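A structural walkthrough
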Amino acid sequence: MAKVPKKKSKSVKKAERQAKKRTERNKKRKAEIKKVLKEFKKSLQEKEIKVAQEKLRQLYKLLDKAKKTNLFKAGKVDRLKSKIAKAFNQIQQPITSNQ
């Protein structure tokens, strides 16, 4: 006897729509973080302190929002923030010590 597939209930259909919407939103947010991180690293390479400082501020804001909305786990966000702050401070120190 062949099994007839069950119809999806309204709640299952809604859950699928919500999951799809959330997945798209999460992909956009992750892409934005990656883009700003890439711009930050580029500004560090070119030793543009003002641009790097602005990107650092923007990254902190995005990462804190990602942590708050559970896009990333708290430990990952803390590691990333620590890593980018350390990189920024290493670039900034030689310039301030020369003045």
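So, here's what we can say about the structure.

Parameters at a glance
Residues numbered from 1 in each chain as written. Predicted model: local features only at pLDDT ≥ 70, side-chain atom pairs only at ≥ 80, totals over all residues. Heavy atoms only, no water. Helix = DSSP H or I, 4+ residues; strand = E, 2+ residues; numbered from the N terminus. Salt bridge = Lys/Arg side-chain N within 4 Å of Asp/Glu carboxyl O. Buried < 20%, exposed > 50% of the residue type's maximum accessible area, 1.4 Å probe, protein only.

What follows covers unusual backbone geometry. Even without being a glycine, Lys47 presents a positive backbone phi close to 55 degrees. Mapped onto the elements of the fold, Lys47 is located in the loop between helix H1 (10-45) and helix H2 (49-68). Located in the positive-phi region is Asn70, a residue other than glycine, with phi close to 60 degrees. Structurally, Asn70 can be placed in the loop between H2 and helix H3 (74-98).

By the definition in use, this model includes six salt bridges. The partner of Lys8 in a salt bridge is Glu16, and the shortest N-O contact between them spans 3.1 Å. For Lys8, a relative accessible area of 47% translates into the label partly exposed. In this structure Glu16 comes out as partly exposed when scored by relative accessible area, which is 39%. Among the salt bridges present, the one from Lys67 reaches Asp78, with a minimum N-O distance of 3.2 Å. Within this pair, whereas Lys67 is found in helix H2, its partner Asp78 is found in helix H3, the two being separated by eleven residues in sequence. Given a relative accessible area of 30%, Lys67 falls into the partly exposed group. Note on Asp78: relative accessible area 39%, which makes it partly exposed.

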